[in-house]
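One-letter residues, chain by chain:
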Amino acid sequence: MVRAVVFDVGETLVDESGLFGGWADWLGVPRHTFSALIGAAIARGGGFAEVFETVRPGFDFRVEDRLREEAGVPDRIREEDLYADVRLCLQELHSLGVWLGIAGNQPARAGQDLLSLRLPVDLVATSEEWGVRKPDLRFFERVESAVPFPAEEILYVGDRIGRDVIPAKKAGLRAALLRRGPWAYLHGDDDGGGGADLRLDGLTALPEWIAGQR
């Protein structure tokens, strides 16, 4: 029985289109070009850091983030950045008595942004606060230690096989692969979804699935 659900952040709860569009504007790169560079990096097995370095060699996220803050164009998670199915899914799960958490590879500031949205969750945690990033198994051990139920009763929901599903399963948790975001579309069928217990095209179906486990 699943008694707790913990969600990844980017492309799981948060549509990062606006966030990366803001970075493209800040770096002076057309948004479609920035998106294309992200796609190319992902196809090569890279990530966002590679794109920033390509656009601006020597890019320092902390420095640039502070400069954006000072310029009045901060990189922030807002209500409008949430996917449309997020609040309803969380509310329905909460009404079922499911313990809910959010934990992802994010700066501590993102955790504060999520807390300000007053989502019906019991935990908001970030990799910066924990000092460990996915896919390190220690991240999922922190998830397990933060949730008041055993690992086999925790479902971790994320959009990436290698960073979410596989390490969550190795740590003894159950895992759901959410098919949205570039990684989910490019690698969603690899290795049968990494052994995911559940595959989703959106969060709308999750409460019904959880209810069926009870």
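What this report covers is the structure whose coordinates are included nearby. Remember, predicted model here, so these are calculated numbers, not experimental data.

Calculation rules
- Residues numbered from 1 in each chain as written.
- Predicted model: local features only at pLDDT ≥ 70, side-chain atom pairs only at ≥ 80, totals over all residues.
- Heavy atoms only, no water.
- Buried < 20%, exposed > 50% of the residue type's maximum accessible area, 1.4 Å probe, protein only.
- Helix = DSSP H or I, 4+ residues; strand = E, 2+ residues; numbered from the N terminus.
- Pairing = 2+ DSSP bridges.
- Salt bridge = Lys/Arg side-chain N within 4 Å of Asp/Glu carboxyl O.

**Comments concerning the pairing of strand β2 (residues 99–104)**
Residues in a regular strand point their side chains to alternate faces of the sheet. With respect to burial, β2 is a largely interior element, six of its six residues being buried. Taking every second residue as pointing to the same face, both faces of β2 are buried, with Trp99, Gly101 and Ala103 on one and Leu100, Ile102 and Gly104 on the other. In this sheet, β2 lies alongside strand β1 (residues 4–7) in parallel orientation, the contact comprising four bridges. Bridge assignment links valine 5 to a residue of β2, and that residue is leucine 100. Two strands pair when backbone bridges link them, and β2 and strand β3 (residues 123–126) are joined in this way by four bridges, in the parallel orientation. For glycine 101, the partnering residue across the bridge sits in β3 and is leucine 123.

**Concerning the pattern of salt bridges**
Under the counting rule described, the total for this entry stands at 19 salt bridges. In this structure, aspartate 136 engages arginine 138 in a salt bridge whose closest nitrogen and oxygen atoms are separated by 2.7 Å. A relative accessible area of 26% means that aspartate 136 is categorised as partly exposed. Several salt bridges share partner residues, and in doing so they unite Asp65, Glu69, Asp75, Arg76, Arg109 and Asp113 into one network.

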